[in-house]
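# Coordinate inspection notes
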Amino acid sequence: MWKHVRAVLFDLDGTLIDSAPDLGAAADKMRVDRGMPSLPLHAYRHMAGAGARGMLGIAFGMTPESAGFAEMREEFFRNYEQCMTERTYAFEGVPELIQALEAGPLLWGVVTNKSMRFTDPLTRQMPLFAQAAAVVSGDTTPHSKPHPEPLFEAARRMQIAPEHCIYVGDDERDIQAGAAAGMKTVAARYGYLGATADTVHWGADAHINSPLELLKLLG
């Protein structure tokens, strides 16, 4: 379908890896530590893509404007650092997808809004990322998605023009960032889609319901 593609860039959480169990556990520990009842994972899962904001919203009904949010967020971050790879795993089909990309002529990389504080140790600990040509975090550049600059930075690191890259993500911000960077975009429908998300209206160039479907677009 897209013969001009030379590189594939992916969002991280909800696209390549399912980190919801560890993110939820970090927030749930805060509840338990305060004598509150534990919540099941499914209560947290749909907001995993929103990071601390999403997890604290589920666990405590907090917003970034809430009193004490900064302190609670830092406690959440410390908890997450202690457990970030205990229950996190690649989505089914992702290892095979990455293996297929590495066996061909395409480079691949990661562009995430997750901060380097977490992205770097997580990707170092997971063998899946050993051959990634670029890993760009939310604070690698002065901007995070939906701004296109993180995607431009990944393209620069790979020495490939943005128009020869595609970007795959499970959030509307991913599609907005990819389009703004001049890349073809793919909406990953298997990720952390909120209950009201309608990917049809995101404006993506294609949609996939499983990771391996991406290979059909590159065939």
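In this report, the structure presented in the accompanying data block is examined.

Cut-off values and rules
- Residues numbered from 1 in each chain as written.
- Predicted model: local features only at pLDDT ≥ 70, side-chain atom pairs only at ≥ 80, totals over all residues.
- Heavy atoms only, no water.
- Axes fitted to C-alpha atoms, helices over the stretch in contact; angles between N-to-C directions.
- Helix = DSSP H or I, 4+ residues; strand = E, 2+ residues; numbered from the N terminus.
- Parallel < 35°, antiparallel > 145°, perpendicular 65-115°, else oblique.
- Contact = heavy atoms within 4.5 Å.
- Nonpolar A, V, L, I, M, F, W, Y, C, P; charged D, E, K, R; others polar.
- Buried < 20%, exposed > 50% of the residue type's maximum accessible area, 1.4 Å probe, protein only.
- Phe/Tyr/Trp six-rings, centres within 6.5 Å; stacked < 30°, edge-to-face > 60°.

Right, let's get into the packing of helix α4 (residues 69–83) against helix α6 (residues 116–125). Relative placement of two packed helices is described by the angle separating their axes and the distance separating the axes. For the pair α4 and α6, the least separation of the axes is 11 Å and the interaxial angle reads 5°. By the angle between their directions, the pair α4 and α6 is classed as roughly parallel. Of the residues in α6, those in contact with Glu-74, Phe-77, Arg-78, Tyr-80 and Glu-81 of α4 are Arg-117, Phe-118 and Leu-122. In terms of residue class, the contact of α4 with α6 is made up of 4 nonpolar, no polar and 4 charged.

Excluding glycine, residues mostly have negative phi values, and the peptide bonds linking residues are mostly trans. The omega torsion across Lys-145 and Pro-146 is 20°, close enough to zero to call that bond cis. Not every positive phi belongs to a glycine, and Gln-159 is a case in point at roughly 60°. Among the secondary structure elements, Gln-159 is positioned in the loop between α7 (149–158) and β6 (165–169). Given the relative accessible area of 71%, Gln-159 is considered exposed.

This part is about the packing of aromatic side chains. Pairs of aromatic rings are described using the distance from one ring centre to the other and the angle between the two planes. Counting across every chain of the model gives 8 aromatic pairs. Measuring from ring centre to ring centre gives 6.1 Å for Phe-76 and Phe-77, while their planes differ by 55°; the resulting arrangement is tilted. Like Phe-77, Phe-76 is buried. Through successive ring pairs, a cluster of aromatic residues spans Phe-76, Phe-77, Tyr-80 and Phe-118.

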